[in-house]
Amino acid sequence: MFAVLSAGIAPTLALMSFFYLKDRFDSEPLTTVFRTFLYGALLVFPIMFIQYAFMEEGIGQTPLIRSFLLTGLMEEFFKWFIFLYTVYKYTDFDSLYDGIIYGVAISLGFATVENLLYLLAHGVEYAFSRAIFPVSSHALFGVIMGYYLGKAKFLTKNVKKSQVSALLIPVTLHGFYDFILETVPSWIYVMTPFMVLLWMFALRKVKLANQQEFKKVVILAEKKSQIQ
């Protein structure tokens, strides 16, 4: 049991630390990040129940529908919904990069519980591949979702477009991820480049968010010097 818990939680700690420490200007309170993580963790059980009900009734059990609707849309929608109606209102959510932190936290909360349940059912020998693929992918979907919700709150007048992008882009990427697993026999050869591109896309959003924060710091410094 200890081995499963350690193997299930370790990638979460590594990924959360990585993105948390990428915030170069204003680190979020750990208590708030953990609360957001718990929201994601609690989402697992109702989503699993709904997915199980669809499976038992034989509804939507083609690879396309399972991948894009029952998994991609359902999981990302609930994360997006919780983010939009709880995290979005945090007083600590006061910069673009904060969206990335909270997006990763809620996604890793979900991924951690899902990962622990999988390892308990199938064995700790799957821990490494689970860390590299499903846990990492959830974190990266969270980066993208959080970036666009941060953009909606702080950067753009077209708020609705950014909020919709925060849902549709992760749903599409998540759907392709699962569709590859379901339909490609030697999926590792397709999934590896897919994950590389996903990392590149997510890290680009991290870079853009930090650049925006740097611009804000510079502007504030200039205003302060003019006042003095």
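As the structure is a prediction and not an experimental result, all values here were calculated from the model.

Cut-offs and rules
- Residues numbered from 1 in each chain as written.
- Predicted model: local features only at pLDDT ≥ 70, side-chain atom pairs only at ≥ 80, totals over all residues.
- Heavy atoms only, no water.
- Patch = residues over 30% accessible without salt bridge, like charges linked within 9 Å, V, L, I, M, F, W, Y side chains within 5 Å.
- Areas by Shrake-Rupley, 256 points an atom, 1.4 Å probe, with all protein chains shown as cover.
- Salt bridge = Lys/Arg side-chain N within 4 Å of Asp/Glu carboxyl O.
- Helix = DSSP H or I, 4+ residues; strand = E, 2+ residues; numbered from the N terminus.
- Buried < 20%, exposed > 50% of the residue type's maximum accessible area, 1.4 Å probe, protein only.
- Polar contact = N/O pair within 3.5 Å; in protein donor to acceptor, adjacent residues only side chain to side chain.
- Contact = heavy atoms within 4.5 Å.
- Phe/Tyr/Trp six-rings, centres within 6.5 Å; stacked < 30°, edge-to-face > 60°.
- Axes fitted to C-alpha atoms, helices over the stretch in contact; angles between N-to-C directions.
- Left-handed = near helix turned anticlockwise from the far one by under 90°.
- Nonpolar A, V, L, I, M, F, W, Y, C, P; charged D, E, K, R; others polar.

A. The arrangement of a nonpolar patch on the surface in detail. A cluster of nonpolar side chains, Met-1, Leu-5, Ile-9, Leu-13, Phe-45, Met-48, Leu-117 and Leu-120, forms an exposed patch at the surface whose accessible area comes to about 760 Å². For the nonpolar patch, the elements supplying multiple residues, two or more each, are α1 (2-21), α2 (30-57) and α4 (96-122). In this structure, Met-1 sits in the segment before α1. Classification of Met-1 as exposed rests on a relative accessible area of 66%.

B. Broad picture of the side chain of Asp-98. Here Asp-98 lies in helix α4. Looking at Asp-98, its side chain comes within polar contact range of the main-chain nitrogen of Asp-94, at 3.0 Å. Among the polar contacts made by the side chain of Asp-98, one reaches the side chain of Ser-95 at a distance of 3.1 Å. Other than its neighbours up to four places away in sequence, Asp-98 contacts Asp-23, Asp-26, Glu-28, Asp-92 and Phe-93.

C. Fine view of the packing of aromatic side chains. Counted under the stated rule, the structure contains 18 aromatic pairs. Aromatic pair Phe-81 and Tyr-85: ring centres 4.8 Å apart, planes at 40°, arrangement tilted. Placement of both Phe-81 and Tyr-85 in helix α3 (residues 63-85) is noted, with a separation of four residues, approximately one turn of the helix. With centroids separated by 6.1 Å and ring planes inclined at 70°, the aromatic side chains of Phe-93 and Tyr-102 adopt a geometry described as edge-to-face. Classification of Tyr-102 by relative accessible area gives buried; the value is 0%. Grouped by ring-pair contacts, the aromatic residues Phe-83, Tyr-88, Tyr-90, Phe-93, Tyr-102 and Phe-154 constitute a single cluster.

D. Highlighting the packing of α1 against helix α5 (residues 127-154). It is at 10 Å that the axes of α1 and α5 come closest, and there the two elements cross at 35°. Here the hand of the crossing between α1 and α5 comes out right-handed. Residues Ala-7, Pro-11, Thr-12, Leu-15 and Phe-19 of α1 touch α5, and the partners they reach there are Ala-127, Ala-131, Val-135, Ser-136, Ala-139, Leu-140 and Val-143. In terms of residue class, the contact of α1 with α5 is built from ten nonpolar, two polar and no charged.

E. The pattern of salt bridges, seen in detail. Applying the stated criterion across every chain yields a total of two salt bridges. Of the charged contacts in the structure, one is a salt bridge between Arg-66 and Glu-182, with a shortest N-O distance of 2.5 Å. With Arg-66 in helix α3 and Glu-182 in helix α6 (residues 159-183), the pair connects residues that are 116 residues apart, well separated along the chain. With a relative accessible area of 24%, Arg-66 lands in the partly exposed category. Exposure remark for Glu-182: the relative accessible area of 34% places this residue in the partly exposed category.

F. Examining the environment of Phe-154 more closely. Turning to its location among the elements, Phe-154 is positioned in helix α5. Taking C-alpha positions, Phe-154 is 6.9 Å from Ser-95, a pair spaced 59 residues apart along the chain. With residues up to four places along the chain from it excluded, the contact list for Phe-154 reads Phe-93, Asp-94, Ser-95 and Leu-96.

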